[in-house]
Amino acid sequence: MSSVVRVEIQPDPPKRLDKALSRDVPVEASLSRSRIAKLLEQGMVQQNGSVQTDPRAAVAEGDVFEITVPVSAESHMLPEDIPLDVVFEDDDLIVINKPAGMVVHPAPGSPSGTLVNALLHHCGESLSGVGGEKRPGIVHRIDKETSGLLVVAKSDAAHHGLAKQFEKHTVERHYHAVVYGVPDANDPRLRGVKGVNFEPGNIMKITTHLARHKTDRQKQAVLFHGGRHAVTRSRIVMPLGTPAVASLIECWLETGRTHQIRVHMAHAGHGLIGDPTYGGRRKLNVKAIGEDGVEAARVFPRQALHAATLGFVHPVTEETLRFAAPLPDDMSELIRALGGDPQQISNT
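About the cut-offs
- Residues numbered from 1 in each chain as written.
- Predicted model: local features only at pLDDT ≥ 70, side-chain atom pairs only at ≥ 80, totals over all residues.
- Heavy atoms only, no water.
- Core = buried A, V, L, I, M, F, W, Y, C linked by side-chain atoms within 4.5 Å.
- Buried < 20%, exposed > 50% of the residue type's maximum accessible area, 1.4 Å probe, protein only.
- Helix = DSSP H or I, 4+ residues; strand = E, 2+ residues; numbered from the N terminus.
- Contact = heavy atoms within 4.5 Å.
- 1 Å grid on protein atoms, 1.4 Å probe; cavity = no way out; pocket = protein on both sides within 12 Å on 5 of 7 lines; lining within 4 Å.
- Points joined across faces, edges and corners; volume = space filled by probe spheres on them.
- Nonpolar A, V, L, I, M, F, W, Y, C, P; charged D, E, K, R; others polar.
- Axes fitted to C-alpha atoms, helices over the stretch in contact; angles between N-to-C directions.
- Parallel < 35°, antiparallel > 145°, perpendicular 65-115°, else oblique.
- Left-handed = near helix turned anticlockwise from the far one by under 90°.

### As for the nonpolar core
Thinking step 1. Within the largest apolar cluster, 31 residues are counted, with the highest numbers of intra-cluster contacts made by Leu115, Tyr175, Ile261 and Met265.
Thinking step 2. Secondary structure elements with two or more residues in this core: strand S7 (93-98), helix H3 (115-123), strand S10 (147-153), strand S11 (172-180), strand S13 (203-212), strand S16 (246-253), helix H6 (260-267) and strand S17 (305-313).
Thinking step 3. Among the elements that make up this core, the one with the highest residue count is H3 (5 residues).
Thinking step 4. If sequence neighbours within four positions are ignored, Met265 has contacts with Val179, Pro183, Met204, Ile206, Ser234, Ile249, Cys251, His270, Gly271 and Leu272.
Thinking step 5. Counting 21 residues, the second largest nonpolar core, distinct from the first, contains Tyr180, Val245, Ala297 and Ala304.

What follows is the structure, given as structure tokens:
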């Protein structure tokens, strides 16, 4: 089973065939440039009855192409009946409040029990196909032990549109984190940390490059030459302890790199409580938070990081969407144990 999409090249086309087809293909066909490139490679594009496979081929205004689009194949990944906290869903996308401990995508070390497995079961036949396969389109991820919001595409059109927004860094993403210490502009130590400066409103801005660690491939490392540009901003939401020995902070991303908040906050000397990779295990002042607070921080089982808000433009309806997820119970209990009141926290 397949369908045929007719494309007529419009005036002033791009020089490459794949770009021209991507620009002029009917919107209702929901074919991304990457999908068109695959169909070219598979011999599914014809020009005047002749197969065209070269994505770099020249095109001219008025050229007519026929693209044969096979029905999306079933995914090789298996659906699993795993409960999901669905915040929003329509024909094109779904927003999930992911619990800590859930991997987003199957991998050799975690082939099942992932968010993708759960979505295959939950969405069923409503998945119209991403890249020629009936599967959810993952456009961004959050770490296994990070809780909170992420959006997943259910159609090629949504996948393409969301990916563009993430590429252009126009997606709003705010996180809550519990960190050691208080990242305050009045701390003279922070003035000496390369890549760290403060903006009006006591907003800490961390600007570095990030790349895989040279000896530990599971980690990211801060660089100032090479790697990928990364910018994180944060502000103090609630100092914790008397005197404050930890704090709840809000972080937002200008870029979205692997482990970005975790490695950036550690670079600034304010690693996340519970983070086994970057945070370390620091001994907190018992006089400031009491025995219960010290123990709560010591045994907290994951990085205290939650994707609290997510905002973007719907890639199909063009509606501006913004979602918020409250702190999970474990982070609320940690804040309470450290002397804070989680009920005073509101998502920005």
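### A closer look at the layout of surface pockets
Thinking step 1. What the largest pocket holds in volume is close to 1300 Å³.
Thinking step 2. Taken together, 39 residues line the largest pocket, and the ones lying closest to its centre are Arg141, Ile142, Asp143, Thr258 and His259.
Thinking step 3. Every element with two or more residues in the lining of the largest pocket is listed here: helix H4 (156-167), S11 and H6.
Thinking step 4. For the lining of the largest pocket, the element with the most residues is H4, which contributes 4 residues.
Thinking step 5. Across the lining of the largest pocket, the residue classes break down as 13 nonpolar, 15 polar and 11 charged.
Thinking step 6. When its volume is computed, the second largest pocket comes out at roughly 580 Å³.
Thinking step 7. Together, 19 residues line the second largest pocket, and Val27, Ala157, His160, Gly161 and Lys164 are the ones closest to its centre.
Thinking step 8. Counting residues per element, the ones that place at least two in the lining of the second largest pocket are helix H1 (17-24) and H4.
Thinking step 9. No other element matches H4, which puts 5 residues into the lining of the second largest pocket.
Thinking step 10. When grouped by side-chain class, the residues that make up the lining of the second largest pocket number 7 nonpolar, 6 polar and 6 charged.

### A few points about the side chain of Ser332
Thinking step 1. Within the secondary structure layout, Ser332 lies in helix H8 (residues 329-337).
Thinking step 2. Contact partners of Ser332, with chain neighbours within four places excluded, come to Leu327 and Pro342.

### Observations concerning the packing of H1 against helix H2 (residues 33-41)
Thinking step 1. At their nearest, the axes of H1 and H2 sit 9 Å apart, and the two run at 125° to each other. Viewed along their axes, H1 and H2 adopt a mutual orientation that is oblique. The hand of the H1/H2 crossing is right-handed. Contacts between H1 and H2 involve Leu17, Asp18, Lys19, Leu21 and Ser22 from the first element and Arg33, Ile36 and Leu40 from the second.
Thinking step 2. Residue composition of the contact of H1 with H2, by class: 4 nonpolar, 1 polar and 3 charged.

### Here we look at H6
Thinking step 1. With 6 of its 8 residues buried, H6 lies for the most part within the structure.
Thinking step 2. Listed as buried for H6 are Gln260, Ile261, Arg262, Val263, His264 and Met265.
Thinking step 3. With its phi angle positive at about 90°, Gly269 sits one or two positions after the end of H6.

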